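Residues per chain, in single letters:
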Amino acid sequence: MTTNYFQESKLDCNRNNEDFTRYISDLKILFEKAKTLEDSGEIEELKNILMGEFGKFIPNIYNIAKEARQAFLGEYADKTIEILLRYNEIYDSLSDERVNFLTGYNVEVTRNRIKLFLMQQIRDIDSVLSLLQPPQK
């Protein structure tokens, strides 16, 4: 089953939007799964998962960096865009790595870079999720 978080290539990044809560939670699940693979040294599987799942978390837009502000709206849009742009950056690097491998060049996204990426993503997602919690009385 494919999850579609976006309505007309937009996502309202607000506390009351269940699609947004599911989107950010599913991103965390993805990155935690990737972190588990990194911890166990399964780097190629980790790279495959990050590459394979990327499209699920991107709205139907042409240029993510330029069009993200029109696709992600609401109170938590900036934080979400930041997370997404970092994912896009690592995705582009992994894509370059694959292309370079096929053409005979030796370019590699290091394990340390991926580890730092995952730690930052999980930390920032946790920050957003904590903001989505109802205020304590």
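Residues numbered from 1 in each chain as written. Predicted model: local features only at pLDDT ≥ 70, side-chain atom pairs only at ≥ 80, totals over all residues. Heavy atoms only, no water.

Looking at the packing of aromatic side chains
(1) Moving on: Inspection of the entire model under this criterion finds 13 aromatic pairs.
(2) Moving on: With a centroid separation of 5.2 Å and 75 degrees between ring planes, the pair formed by F31 and Y87 is classed as edge-to-face. On the criterion of sequence distance, the pair formed by F31 in helix α1 (residues 18–39) and Y87 in helix α4 (residues 77–102) is long-range, its members being 56 residues apart. Y87 carries the same exposure label as F31, and that label is buried.
(3) Moving on: Ring centres 5.0 Å apart and planes at 85 degrees place the aromatic pair F54 and Y87 in the edge-to-face group. (Phe/Tyr/Trp six-rings, centres within 6.5 Å; stacked < 30°, edge-to-face > 60°. Helix = DSSP H or I, 4+ residues; strand = E, 2+ residues; numbered from the N terminus. Buried < 20%, exposed > 50% of the residue type's maximum accessible area, 1.4 Å probe, protein only.)

Re the pattern of salt bridges
(1) Moving on: In this structure the tally under the stated criterion is 14 salt bridges.
(2) Moving on: Note that K28 is salt-bridged to E32, the shortest N-O span being 3.6 Å. Placement of both K28 and E32 in helix α1 is noted, with a separation of 4 residues, approximately one turn of the helix.
(3) Moving on: For D124, the salt bridge identified is with R86, shortest N-O distance 2.5 Å. (Salt bridge = Lys/Arg side-chain N within 4 Å of Asp/Glu carboxyl O.)

Section: helix α3 (residues 64–71)
(1) Moving on: Of all the positions in α3, only I64, A68 and A71 are classed as buried. Down the axis of α3, the buried side of the element spans an arc of 75 degrees, and every buried residue falls inside it. The outward face of α3, more than 90 degrees from its buried face, is lined by the exposed residues K66 and R69.
(2) Moving on: Near the N-terminus of α3, the side chain that reaches the backbone nitrogen of A65, with its oxygen 3.1 Å away, is that of N63. (Arc of directions from axis to C-beta. Polar contact = N/O pair within 3.5 Å; in protein donor to acceptor, adjacent residues only side chain to side chain.)

A few points about the nonpolar core
(1) Moving on: In terms of nonpolar packing, the biggest core is built from 42 residues, with Y23, I24, L27, F31, F72 and Y87 touching the most fellow members.
(2) Moving on: If you list the elements that add at least two residues to this core, you get α1, α2 (43–53), α3, α4 and α5 (111–132).
(3) Moving on: Setting aside chain neighbours within four positions, we find Y23 in contact with Y5, F6, L11, F57, F72, T80 and L84. (Core = buried A, V, L, I, M, F, W, Y, C linked by side-chain atoms within 4.5 Å. Contact = heavy atoms within 4.5 Å.)

Things to note about the side chain of N17
(1) Moving on: Structurally, N17 can be placed in the loop between β1 (11–12) and α1.
(2) Moving on: A residue is classified by how much of its surface remains accessible, and N17, at 17% relative accessible area, is buried.
(3) Moving on: Excluding its chain neighbours within four sequence positions, the residues that come into contact with N17 are L11 and D12.

Points about the packing of α1 against α5
Any two packed helices are characterised by the angle at which their axes cross and by the distance between the axes.
(1) Moving on: The N-to-C vectors of α1 and α5 enclose an angle of 150 degrees; their axes lie 9 Å apart at closest approach. The angle between α1 and α5 falls in the class roughly antiparallel. For the pair α1 and α5, the crossing hand works out as left-handed. On α5, the residues touching F20, T21, I24, S25, L27, K28, F31, E32, A34, K35, E38 and D39 of α1 are R111, K115, F117, L118, M119, Q121, I122, I125, D126, V128, L129 and L132.
(2) Moving on: Looking at side-chain class alone, the contact of α1 with α5 contains 13 nonpolar, 3 polar and 8 charged residues. (Axes fitted to C-alpha atoms, helices over the stretch in contact; angles between N-to-C directions. Parallel < 35°, antiparallel > 145°, perpendicular 65-115°, else oblique. Left-handed = near helix turned anticlockwise from the far one by under 90°. Nonpolar A, V, L, I, M, F, W, Y, C, P; charged D, E, K, R; others polar.)

Just geometry here; none of it tells us what the structure is for.
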